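# Architecture at a glance
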Amino acid sequence: LDEAVSIPGMWISGPAGSGKTSLVESYLKASTSKYVWYRINPTDNEALSFFQQIQKCAEKAIGPENAPSTLDELGESVGTVAFSRQYFAELYSQFPKPLILIFDNVDKAEPDAELFAALSGAMDAATDRTSLFFLSRWEPPKRFARYYASNQLALLGWNDLRFTPDETEDFIEWIHPAQTTRIDVDAIHSTTGGWAVGIQILANASPIDPKRSSEPD
């Protein structure tokens, strides 16, 4: 994530419960950057609806008088990258820096949605002190390939998010501090493949393995 704030974007992908949101939340708590968190929903497939919702967020965050005035120019151009580039350039200029803009649940959008033209414009308008994080269950769409190819987009995928055996043991110890030595950590890691939510579920439901107990019979 430190790498991502030095380039326009970071795409974080993995299955539900893999820790995408928790990772970014914990990073933001340790960061001094200002941020705006926007959760994509199916109505954002249409660019007009997306910009209307972004405008509401902007007005709430920086006041109606500071929100981009370009939204008044809505029309046939709203679904284009050019309009989005202009809109987000104006939006970024009103926020203190550094700024991180998080788009969560990007997988809620259809693959061919106008939304991705809007997000492309947001990427194009990013400054050296503005970063975009995209959270999704899926990898980036083809439209974003050019950003990755030009080192403007970093990728953090499932193989990066999944817990290693040592991390699984540390996580279980955090959940059950007094029971780690009595839970079959290896079996849980093998079953879940390092999936964070699965580890938690199985650790909470796990019977005590007497072979791993450090207590006398």
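Residues numbered from 1 in each chain as written. Predicted model: local features only at pLDDT ≥ 70, side-chain atom pairs only at ≥ 80, totals over all residues. Heavy atoms only, no water.

### Side note on the pattern of salt bridges
Pairing is possible between side chains of opposite charge, provided their charged atoms come close. With the rule as written, the count across this model stands at three salt bridges. A salt bridge links arginine 85 to aspartate 124; the shortest N-O distance between them is 3.0 Å. Of this pair, arginine 85 sits in helix 3 (residues 81–93) while aspartate 124 sits in helix 4 (residues 115–125), and the two are 39 residues apart along the sequence. Given a relative accessible area of 35%, arginine 85 falls into the partly exposed group. According to the relative accessible area criterion, aspartate 124 is partly exposed, its value standing at 27%. As a salt-bridge pair, aspartate 124 and arginine 146 come within 3.4 Å of each other at their nearest N and O atoms. With aspartate 124 in helix 4 and arginine 146 in helix 5 (residues 145–149), this residue pair connects regions lying 22 residues apart in the sequence. Residues joined in a network through salt bridges with shared partners are Arg85, Asp124 and Arg146. (Salt bridge = Lys/Arg side-chain N within 4 Å of Asp/Glu carboxyl O. Helix = DSSP H or I, 4+ residues; strand = E, 2+ residues; numbered from the N terminus. Buried < 20%, exposed > 50% of the residue type's maximum accessible area, 1.4 Å probe, protein only.)

### Description of the sheet that holds strand 3 (residues 99–104)
The pairing of strands in a sheet happens through backbone hydrogen bonds and is either parallel or antiparallel. The strand order across the open sheet formed by five strands is 2-3-4-1-5, and the pairing between neighbours is parallel. The sheet terminates laterally at strand 2 (34–39) and strand 5 (153–156), the two strands that pair on one side only. Going from strand to strand, the sheet's axes swing by 15° on average, the running direction of each strand aside. Of the pairings in the sheet, the one linking strand 3 to strand 4 (residues 130–136) comprises five bridges and is parallel in character. Bridge assignment links phenylalanine 103 to a residue of strand 4, and that residue is phenylalanine 134. Here helix 3 sits on the sheet and contacts strand 3 and strand 4; the angle it forms with strand 3, its principal contact strand, is near 130°. Along the sheet, helix 4 contacts strand 1 (9–13), strand 3, strand 4 and strand 5; its crossing angle with strand 4, the most-contacted strand, is approximately 150°. (Pairing = 2+ DSSP bridges. Axes fitted to C-alpha atoms, helices over the stretch in contact; angles between N-to-C directions. Contact = heavy atoms within 4.5 Å.)

### Notes on unusual backbone geometry
The omega torsion of the bond from lysine 97 to proline 98 falls at 0°, within 30 degrees of zero and hence cis. Phi at asparagine 105 is positive, roughly 60°, even though this residue is not glycine. When its relative accessible area of 26% is taken as the criterion, asparagine 105 is described as partly exposed. A positive phi angle, near 60°, is found at asparagine 151, a position not held by glycine. Position of asparagine 151 among the secondary structure elements: in the loop between helix 5 and strand 5.

### Here's the deal with the packing of aromatic side chains
Inspection of the entire model under this criterion finds 20 aromatic pairs. With a centroid separation of 5.1 Å and an interplanar angle of 85°, the aromatic rings of phenylalanine 51 and phenylalanine 83 are classed as edge-to-face. Taken together, the residues span a long stretch of sequence, with phenylalanine 51 in helix 2 (residues 47–62) and phenylalanine 83 in helix 3 at a distance of 32 residues. For phenylalanine 51, a relative accessible area of 0% corresponds to the buried category. (Phe/Tyr/Trp six-rings, centres within 6.5 Å; stacked < 30°, edge-to-face > 60°.)

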